[in-house]
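Here is what each chain is made of, one letter per residue.
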Amino acid sequence: MLSCTKSTWPPRLVTVPGLHGSEGAHWQSWLERQFARSLRVEQADWDAPEVALWAKSLRDLLARERGPFVLAAHSFGCLALARYLSLQAAAPGSDAATS
């Protein structure tokens, strides 16, 4: 695991919404407003869940941004997060906890 001394602190909140996204009154949207540096995973089509594509969107966002991250997933977003983590764990030499 990557030492906290080698990364920015505090961690950034990343929300991973589920089917249909999270409208303004949703708890994830409220949580994002509590953390100025928060990020949200965006999907090409919130109404057509595809776990592989949604996991790729999460991977792409985490690859673009600087961590560490705290992830808050909801509904189908939990499946996308689980898929992302399983692929990271299976990749040779990867450490899903630091990606």
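Caption draft 1: Main features of the pairing of strand E1 (residues 12–16). Judged by how many residues are buried, E1 sits mostly within the fold: 5 of 5 residues are covered. Residue alternation in E1 divides its side chains into two sets, Arg12, Val14 and Val16 and Leu13 and Thr15, and both sets are buried. As paired strands, E1 and strand E3 (residues 69–73) are joined by 5 bridges and run parallel to one another. Bridge assignment links arginine 12 to a residue of E3, and that residue is phenylalanine 69. Bridge count between E1 and strand E2 (residues 39–40): 2 bridges; the pairing is parallel. What sits directly across from valine 14, in E2, is leucine 39. Handedness of the crossover joining E1 and E2 through helix H1 (residues 27–34) is recorded here as right-handed.

Caption draft 2: Summary view of the sheet that holds E3. In space, the 3 strands of this open sheet follow the order E2-E1-E3, with parallel pairing throughout. Single-partner strands in this sheet number two, and they are E2 and E3.

Caption draft 3: Representation of the environment of glutamate 32 within the structure. Structurally, glutamate 32 can be placed in helix H1. In this view, glutamate 32 contacts Leu13, Thr15, Ser38, Leu39 and Arg40; residues no more than four positions away in its chain are not counted.

Conventions and cut-offs
- Residue numbers run consecutively from 1 along every chain, following the written order of its sequence.
- Predicted model: local features are reported for residues with pLDDT of at least 70 only, side-chain atom pairs are reported and counted for 80 or more only, and whole-chain, interface and lining totals are derived from all residues.
- Each side-chain value is worked out from all heavy atoms of the structure, with water and hydrogens disregarded.
- Relative accessibility thresholds used throughout: buried, under 20% of the residue-type maximum; exposed, over 50%; partly exposed, between the two (1.4 Å probe, protein chains only).
- Secondary structure follows DSSP: runs of H or I at least 4 residues long count as helices, runs of E at least 2 residues long count as strands, and numbering of each begins at the N terminus.
- Two strands qualify as a pair provided DSSP detects at least 2 bridges between them.
- A right-handed crossover is one whose linking path, passing over the helix from the first strand to the second, runs clockwise when the strands point away from the viewer.
- We call two residues in contact whenever any of their non-hydrogen atoms come within 4.5 Å of each other.

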